Number of protein chains: 2
Amino acid sequence: MIESVNNEKIKTYSKLLDKKYRDKENMFLISTEHLVLEAIKKDIIIEIFLLKNKENKFGNVTYVTEPVMRKLTNLNTLPSVVAVVKKIEPKEIKGNVLMLDGIQDPGNLGTIIRSSVAFNVDTIILGDNTVDIYNEKVLRAAEGMIFNINFIKQNLIESIKILKQKNYKILGTKVDTGKDIKDIHLDKYALLVGNEGNGVNKELLELCDENLYININNKCESLNVAIATSIIIYELNKNTPTI
Amino acid sequence: MIESVNNEKIKTYSKLLDKKYRDKENMFLISTEHLVLEAIKKDIIIEIFLLKNKENKFGNVTYVTEPVMRKLTNLNTLPSVVAVVKKIEPKEIKGNVLMLDGIQDPGNLGTIIRSSVAFNVDTIILGDNTVDIYNEKVLRAAEGMIFNINFIKQNLIESIKILKQKNYKILGTKVDTGKDIKDIHLDKYALLVGNEGNGVNKELLELCDENLYININNKCESLNVAIATSIIIYELNKNTPTI
């Protein structure tokens, strides 16, 4: 049992709340029972910290006190379990691809990840300005779906070049021009969605083969980005074979 | 210019941050430029408070200092304008109806409102346990769309009775059974969606004429409620005439 917040291991691991250290150490923290159980299956666990007196469903754990657990999270509600896990290695691109250009809100990113699993996106490419997927709030909003999708961090101009070589059709998104999403039928796609306020970067939009839009009532200027993305991948999924 | 946080008017209006007072006084606070301009058009303004030294785009305003403005909001970022406005009177039900059973998260409710305007929902009926639409965070997430839709607060068992008398088909939502949403074609609908954790209350589900589901990959247990609702009303909107 670790009882001291000054324990060296706790001090080291608590640094993983900071993106800089996650990137440097190639590790991150997870803090729901469901995620920890998934991480055990994936064999990426480094260490599991369980609140004292809590039931152990996890195997090898280190018990900690509440103040120690508090050091391992930024969430308001104290979790009963936190695990230190290895980041998952990116895999090669196949199937449907979603590129995210500057998504800022962790809730939006988490929700997009969840919808992406639901609608058979295989790879999410995170552009330079997109919030870190290993952010606690992203992990929460993704509801454990992070282990069911391939993530690649890459400059999107670079990604589009590679995807074009692989014969992907690059689909951009604009609020009001382009092709209505219900008229798109593709075997596989690479969809580009943009920032909450500004949409997709112009330079990237110019590299797209086609622009898509969702037909909405003109009283509403635009949809929330997680909603728009989910509707597009829902629609594309209806028309593409499941792999 | 009001400079004192103890000003009687400010003390009274700041109580509107609390749902109890909003319900009692039939007024609420709005805190974005866009919403204030919309409220002016709707002629429901009681008073506008503008931060001193800010440009006045609103007509008759009362200038206030930063500490005074702070009393009129719970938002972290201090708004430059806050207006006290009258609640909008509910109108009679027509067209497409969305019933919300116990939506708890203000961000989810705001996003659902925004999508509802986009996809031609005319009336949203808020069941007993749904978060207040006049909550600041709901208003923020709705991006000014609150004035473009008819809201009714009602017990949903009561609503379903009334809607059936009006020949509405009541559509429930379940995670995995019922009719695939892409196969539904109706002239008008009354859709019932449920709470983030528990879905729609069983007693209400039994009153539905049909249950809908969204076809998702079984790796994903469920979608976020705002996403699911938006996808359903997007799909229903494709197949129903715009009024």
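Residue numbers restart at each chain and count upward from 1, following the sequence in its written direction. Lettering of chains starts at A and numbering of ligands starts at 1, both following the order in which they are written. In view of the model being predicted, local features appear only for residues whose pLDDT reaches at least 70, and side-chain atom pairs are presented and counted only at 80 or more, with totals across whole chains, interfaces and linings using the full set of residues. With hydrogens and water stripped out, all remaining heavy atoms of the structure feed into the side-chain values.

1. Some points on unusual backbone geometry
- In this structure, Asn26 of chain A is a non-glycine residue whose phi angle is positive, near 60°.
- Only runs of H or I of at least four residues qualify as helices and only runs of E of at least two qualify as strands under DSSP, and these elements are numbered from the N terminus. With respect to the secondary-structure elements, Asn26 of chain A resides in the loop between helix 2 (19–25) and strand 1 (27–30).
- Partly exposed describes any residue whose relative accessible area lies between the buried limit of under 20% and the exposed limit of over 50%, with all areas from a 1.4 Å probe on protein chains only and scaled to the type maximum. Looking at Asn26 of chain A, the relative accessible area reads 38%, which means it is partly exposed.
- Positive phi is not limited to glycine here, since Asn167 of chain B has a value of about 65°.

2. Brief notes about the relation of the copies chain B and chain A
- Superposing chain B onto chain A requires a rotation of 180° together with a translation of 0.0 Å along the rotation axis, leaving an RMSD of 0.0 Å. Within this description, the copies of the chain are treated as partners about a two-fold rotation axis.
- Interface overlap between copies: 100% of the residues of chain B at the interface are likewise at the interface in chain A, consistent with a symmetric, same-surface contact. Copy-to-copy superposition: least squares on the C-alpha atoms, limited to residues that have pLDDT of at least 70 in both copies. Contact definition: two residues touch when any of their heavy atoms are within 4.5 Å.

3. Side note on the packing of aromatic side chains
- Within 6.5 Å between ring centres, the rings of Phe, Tyr and Trp (the latter by its six-membered ring) count as paired, and their orientation is classed by plane angle as stacked under 30 degrees, edge-to-face over 60, tilted in between. In this structure the tally under the stated criterion is 6 aromatic pairs over all chains.
- Note on Phe28 of chain A and Tyr134 of chain A: the rings are 4.1 Å apart at their centroids and 45° apart in plane angle, and the pair reads as tilted. One end of the pair, Phe28 of chain A, is in strand 1; the other, Tyr134 of chain A, is in the loop between strand 6 (123–126) and helix 6 (136–141), and 106 residues separate them in sequence.
- Pairing Phe119 of chain B with Tyr234 of chain B gives two aromatic rings, centres 5.6 Å apart and planes at 70°, and the pair type is edge-to-face. Here the residue Phe119 of chain B occupies a position in the loop between helix 5 (106–118) and strand 6 (123–126), and Tyr234 of chain B occupies one in helix 9 (residues 225–239), the gap between them amounting to 115 residues.
- With a relative accessible area of 0%, Phe119 of chain B lands in the buried category.
- Take Tyr234 of chain B: its relative accessible area is 4%, and that puts it in the buried class.

4. Some points on the domain arrangement of chain A
Residue and element names in this part refer to chain A.
- Start and end positions for the domains come from either an automated domain assignment or a database one. In terms of domain boundaries, chain A breaks down into domain 1 (8–86) and domain 2 (97–239).
- For domain 1 and domain 2, the distance between their C-alpha centroids amounts to 30 Å.
- By convention, the term buried area covers the 1.4 Å-probe accessible surface removed from two parts as they join, with the contributions of both added. Where domain 1 abuts domain 2, roughly 1,300 Å² becomes buried across the two surfaces, and 63% of that area is made up of carbon and sulfur atoms.
- Any carboxyl oxygen of Asp or Glu that lies within 4 Å of a side-chain nitrogen of Lys or Arg is treated as forming a salt bridge with it. If you look at where domain 1 meets domain 2, you find 1 salt bridge.
- Between Asp132 and Arg22 there is a salt bridge, and its shortest N-O distance comes to 2.8 Å.
- Two N or O atoms count as a polar contact when they lie within 3.5 Å, although within protein this holds only if one can serve as hydrogen donor and the other as acceptor, and sequence-adjacent residues are included solely when both atoms are side-chain atoms. The tally of links between domain 1 and domain 2 comes to 5 residue pairs in polar contact (both at pLDDT 80 or more).

5. Quick look at the pattern of salt bridges
- Evaluated as defined, the whole model comprises 25 salt bridges over all chains.
- A salt bridge links Asp180 of chain A to Lys182 of chain A, with the nearest nitrogen and oxygen atoms 3.4 Å apart.
- Here Asp180 of chain A falls in the buried class, since its relative accessible area comes to 11%.
- With relative accessibility at 37%, the residue Lys182 of chain A sits in the partly exposed group.
- Salt-bridge contacts for Glu235 of chain A lead to Lys238 of chain A; the nearest nitrogen and oxygen are separated by 3.2 Å. Taken together, the residues Glu235 of chain A and Lys238 of chain A, both in helix 9 (residues 225–239) and 3 residues apart, mark about one turn of the helix.
- Via salt bridges that share partners, Glu235 and Lys238 of chain A together with Glu235 and Lys238 of chain B belong to a single interconnected network.

6. Re the sheet that holds strand 2 (residues 45–51) of chain B
Residues and elements named next belong to chain B.
- The sheet built from 4 strands is open, its strands ordered 1-4-2-3 with mixed pairing. The sheet is open, and its two borders are formed by strand 1 (27–30) and strand 3 (62–64), each paired with just one other strand. Taken pair by pair, the neighbouring strands of this sheet meet at an average axis angle of 25°, ignoring direction.
- Note on geometry: axes are lines fitted to C-alpha atoms, helical ones only across the stretch in contact, with angles between N-to-C directions running from 0 to 180 degrees. Across the sheet, helix 3 (residues 33–42) is in contact with strand 1, strand 2 and strand 4 (81–86); its angle to strand 2 comes to roughly 150°. Strands were regarded as paired on the criterion that DSSP finds at least two bridges between them.

7. Points about the sheet that holds strand 11 (residues 210–213) of chain A
Residue and element names in this part refer to chain A.
- The strand order 7-6-5-10-8-11-9 describes an open sheet built from 7 strands, whose pairing is parallel. On the outer flanks of this sheet lie strand 7 (150–153) and strand 9 (179–180), each paired with one strand and no other.
- Sheet topology places strand 9 next to strand 11; 2 bridges connect them, and they run parallel. The residue of strand 11 that forms the bridge with Lys179 is Leu212.

8. Points about helix 7 (residues 156–165) of chain A
Residues and elements named next belong to chain A.
- Of the positions making up helix 7, those classed as buried are Leu156, Ser159, Ile160 and Leu163. Around the axis of helix 7, the buried residues are gathered within 100° of arc, so they sit on the same side. Facing away from the buried side of helix 7 by over 90 degrees, the exposed positions are Lys161 and Gln165.
- Packed against the buried residues of helix 7 are strand 5 (97–100), strand 6, strand 8 (170–173), strand 10 (190–193) and helix 8 (202–205).
- The N-capping residue of helix 7, defined by a side-chain oxygen 2.9 Å from the backbone nitrogen of Ile157, is Asn155.
- With its phi angle positive at about 65°, Asn167 sits one or two positions after the end of helix 7. The directions considered for the arc are those from the helix axis to the C-beta atoms.

9. Notes on the layout of surface pockets
Residue and element names in this part refer to chain B.
- By volume, the second largest pocket is sized at about 670 Å³.
- With a 1 Å grid spanning the protein atoms alone, the term cavity applies to any set of points in which a 1.4 Å probe fits but cannot get out, the term pocket to an open set with protein on both sides within 12 Å along at least five of seven lines, and the term lining residue to any residue with an atom within 4 Å of a point. Surrounding the second largest pocket, 31 residues form its lining, Lys91, Asp122, Ile149, Asn150 and Phe151 being those nearest its centre.
- Secondary structure elements with two or more residues in the lining of the second largest pocket: helix 2 (19–25), strand 6 and strand 7 (150–153).
- Among the elements that line the lining of the second largest pocket, the one with the most residues is strand 7, at 4 residues.
- Among the residues forming the lining of the second largest pocket, the class breakdown is 13 nonpolar, 6 polar and 12 charged.
- Here the lining of the second largest pocket spans two domains, since at least three of its residues come from each of domain 1 (8–86) and domain 2 (97–239). Grid points are joined across faces, edges and corners, and a volume is the space filled by probe spheres set on the points. Classes in brief: Ala, Val, Leu, Ile, Met, Phe, Trp, Tyr, Cys and Pro nonpolar; Asp, Glu, Lys and Arg charged; the others, Gly included, polar.

10. Points about the interface of chain B and chain A
- On the chain A side, the residues contacting the 28 residues of chain B number 28 residues.
- Approximately 2,300 Å² of surface area, both sides summed, lies buried where chain B meets chain A, with 61% of it carried by carbon and sulfur atoms.
- On the chain B side of the contact with chain A, Arg114, Ile227 and Tyr234 of chain B bury the most area, a combined 23% of that side's loss.
- Remark: the boundary between chain B and chain A carries 2 salt bridges.
- For the pair chain B and chain A, the number of links is 12 residue pairs in polar contact (both at pLDDT 80 or more).
- When residues of the side of chain B that touches chain A are traced back to their parent elements, those giving at least two are helix 5 and helix 9 of chain B.

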